[in-house]
Amino acid sequence: TRRGYGIVLNVHPKEQKMIYANGRVVVIRSLDNPNESLIFTDHKANVSAAVFSPSGFWVASGDVEGNVKIWSYPQMKVKETYQVAKYVSDLDWDADSTRIVAAGDGALKAKVFSWDSGNNLGEITMHSHPIISCSYRKVRPFRIATGSEDLSVNLYEGPPFKFSKTSKGHARYPNGVRFSPDGARFASVGADQKIVLYDGKDGTILKETDDKTPEKHKGAIYAFSWSPDSKQLLTASADKTAKIWNADDLSVVATFTLGSDINDQQVGALWTQSHLISVSLSGAINYLNRDDPSKPLRILHGHQTSIQSIALDKANGIFYTAGLSGEVTRWNFTTG
């Protein structure tokens, strides 16, 4: 995690397994049993985003040097590597698991391409600053939405993709853009504390929060996730809360308060068939409890930097780890 930035979280389409980046590695972790994990280590630079294909057989991961790697799951064998931009901040797959959009910054700020051939499938233009987030509509007619540091949210039609519409609904960075699973709508969230809903086909603004919205976030919104049924949103904010919103009228359904420390800012959100997940600036993975929003069901802790040493205390069933950041952590073998 980085202060002031959201992180990309994604889930396997058929398994309750979350995928995320940490430094130069990609972690695939079981949400039902977090002890089960796989680590992909082929990137030579810090990874910024990793996303499962809708088929579940492939992963696309992008790094801060502009490389996108396509690799198999669970074998974790690299199939292709492409240089897309100066750096990659986000990426997404089409419904057929054959096309990818990758976005970031450089002479070319984004690219849509066939993963097996690298063929270019259109132009993602009209942004004057780096692209922060992108999303690929999973139903026909296909669309791509992008959010940029130039404060615009753009819609593209294709393939081959071409510019269709721009919206200036945010006064500060639109940190996240995502189509709903059913493709009927897409949403953007911003550092201006706003949520904006758009029509998934033509990009018309349908609804947005403002200063009069009850229980709105009091800090930047860094990330969000649609519910699997496309009816609600889970947002993560710098105000140290996560919220569930009704996607029709943008009313707040539930508020989860995750602490009061600066490290309790929420920078990641993921809604799966079985779990509600948020990630704190500290790196803690929070299992949110809809029945009792005041207390997470479970919190997973861990080092955010390389672990340099380990010491074992067999007699008491604990061990200690020391990380590159200067943090020493004590672990319980039984509970994790």
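Above this text sits the structure in question.
To start, this report covers the structure provided alongside it.

Conventions used here
- Residues numbered from 1 in each chain as written.
- Predicted model: local features only at pLDDT ≥ 70, side-chain atom pairs only at ≥ 80, totals over all residues.
- Heavy atoms only, no water.
- Helix = DSSP H or I, 4+ residues; strand = E, 2+ residues; numbered from the N terminus.
- Rg over C-alpha atoms; globule rule 2.2 N^0.38 Å.
- Buried < 20%, exposed > 50% of the residue type's maximum accessible area, 1.4 Å probe, protein only.
- Contact = heavy atoms within 4.5 Å.
- Areas by Shrake-Rupley, 256 points an atom, 1.4 Å probe, with all protein chains shown as cover.
- Lys, Arg positive; Asp, Glu negative; His and termini not counted.
- Charge placed at Lys NZ, Arg CZ, Asp CG, Glu CD.
- Pairing = 2+ DSSP bridges.
- Axes fitted to C-alpha atoms, helices over the stretch in contact; angles between N-to-C directions.
- Core = buried A, V, L, I, M, F, W, Y, C linked by side-chain atoms within 4.5 Å.
- Phe/Tyr/Trp six-rings, centres within 6.5 Å; stacked < 30°, edge-to-face > 60°.
- Lys NZ or Arg CZ within 6 Å of the ring centre and 35° of its normal.
- Salt bridge = Lys/Arg side-chain N within 4 Å of Asp/Glu carboxyl O.

### Quick notes on the overall build of the chain
Okay, so step 1: Each helix and strand in the chain was counted, giving 0 helices and 30 strands.
Okay, so step 2: Relative to the compact-globule value of 20 Å for 336 residues, the chain shows a C-alpha radius of gyration of 19 Å, a close match.
Okay, so step 3: Buried positions account for 53% of the 336 residues belonging to the chain.
Okay, so step 4: At a minimum sequence separation of 6, the contacts of the chain that also span at least 24 residues come to 41%.
Okay, so step 5: Entry remark: accessible area of the chain is about 15,100 Å², with carbon and sulfur atoms responsible for 48%.
Okay, so step 6: Distance between charge centroids for the chain: 2 Å, based on 38 positive and 35 negative side chains.

### Comments concerning the sheet that holds strand E11 (residues 110-114)
Okay, so step 1: Read across the open sheet, the 3 strands follow the order E9-E10-E11; overall the sheet is antiparallel. The sheet terminates laterally at strand E9 (87-93) and E11, the two strands that pair on one side only. Within this sheet the neighbouring strands show an average axis-to-axis angle of 20°, counted without direction.
Okay, so step 2: Sheet topology note: the E9/strand E10 (residues 99-105) ladder contains 6 bridges and is antiparallel. Of the residues in E10, the one forming a bridge with Asp92 is Val101.

### Brief notes about the nonpolar core
Okay, so step 1: Within the largest apolar cluster, 18 residues are counted, with the highest numbers of intra-cluster contacts made by Leu9, Met18, Tyr20, Leu270, Ile277, Ile285 and Tyr287.
Okay, so step 2: Those elements that place two or more of their residues in this core are strand E2 (17-22), strand E24 (266-271), strand E25 (276-280) and strand E26 (285-287).
Okay, so step 3: With sequence-adjacent residues up to four places away left out, Tyr287 is seen in contact with Ser30, Leu31, Pro34, His275, Leu276, Ile277, Pro296, Leu297, Arg298 and Leu300.
Okay, so step 4: If you look at the next biggest cluster of nonpolar residues, it comprises 16 residues, including Val8, Val88, Ala102 and Trp115.

### Re the packing of aromatic side chains
Okay, so step 1: Tallied over the full model, the rule gives 11 aromatic pairs.
Okay, so step 2: Taken together, the ring pairs in this structure connect Tyr136, Phe142 and Phe161 into an aromatic cluster.
Okay, so step 3: The ring of Phe113 carries the charged tip of Lys111 above its face, separated from the ring centre by 5.5 Å.

### Describing the environment of Lys86
Okay, so step 1: Among the structural elements, Lys86 can be located in the loop between strand E8 (78-83) and E9.
Okay, so step 2: Taking relative accessible area as the criterion, Lys86 reaches 60% and is therefore assigned exposed.
Okay, so step 3: If we skip the residues at most four places from it in the chain, Lys86 touches Val64, Glu65, Gly66, Asp105 and Gly106.

### Points about the sheet that holds strand E15 (residues 162-167)
Okay, so step 1: Taking strand neighbours across the sheet as the criterion, the 4 strands line up as E12-E13-E14-E15 in an open arrangement whose pairing is antiparallel. Bordering the open sheet on either side are strand E12 (131-136) and E15, each of which pairs with just one other strand. Put simply, the sheet's adjacent strands are angled 20° from each other on average, direction ignored.
Okay, so step 2: Pairing analysis gives 5 bridges linking strand E14 (residues 153-157) to E15, with the strands arranged antiparallel. Following the sheet pairing, Glu157 is matched in E15 by Lys162.

### Examining the pattern of salt bridges
Any two side chains of opposite charge can pair, on the condition that their charged atoms come close.
Okay, so step 1: Summed over the entire model, instances satisfying the criterion amount to 7 salt bridges.
Okay, so step 2: When the shortest N-O distance is used, the salt bridge between Asp90 and Arg178 registers 2.9 Å. Of the two residues, Asp90 is situated in strand E9 and Arg178 in strand E16 (residues 174-179); the sequence distance between them amounts to 88 residues.
Okay, so step 3: As a salt-bridge pair, Arg143 and Glu157 come within 3.9 Å of each other at their nearest N and O atoms. Of the two residues, Arg143 is situated in strand E13 (residues 143-148) and Glu157 in strand E14; the sequence distance between them amounts to 14 residues.

### Regarding unusual backbone geometry
Okay, so step 1: Of the consecutive residues Tyr73 and Pro74, the connecting peptide bond is found in the cis state with omega at 10°.
Okay, so step 2: Omega for the bond connecting Arg140 with Pro141 falls within 30 degrees of zero, at -10°, which places this linkage in the cis form.
Okay, so step 3: Looking at the secondary structure, you find Pro141 in the loop between E12 and E13.
Okay, so step 4: Despite not being glycine, Met126 shows a phi value in the positive range, around 80°.
Okay, so step 5: Among the secondary structure elements, Met126 is positioned in the loop between E11 and E12.
Okay, so step 6: The residue Glu215 is not glycine, and still its phi comes out positive at about 60°.

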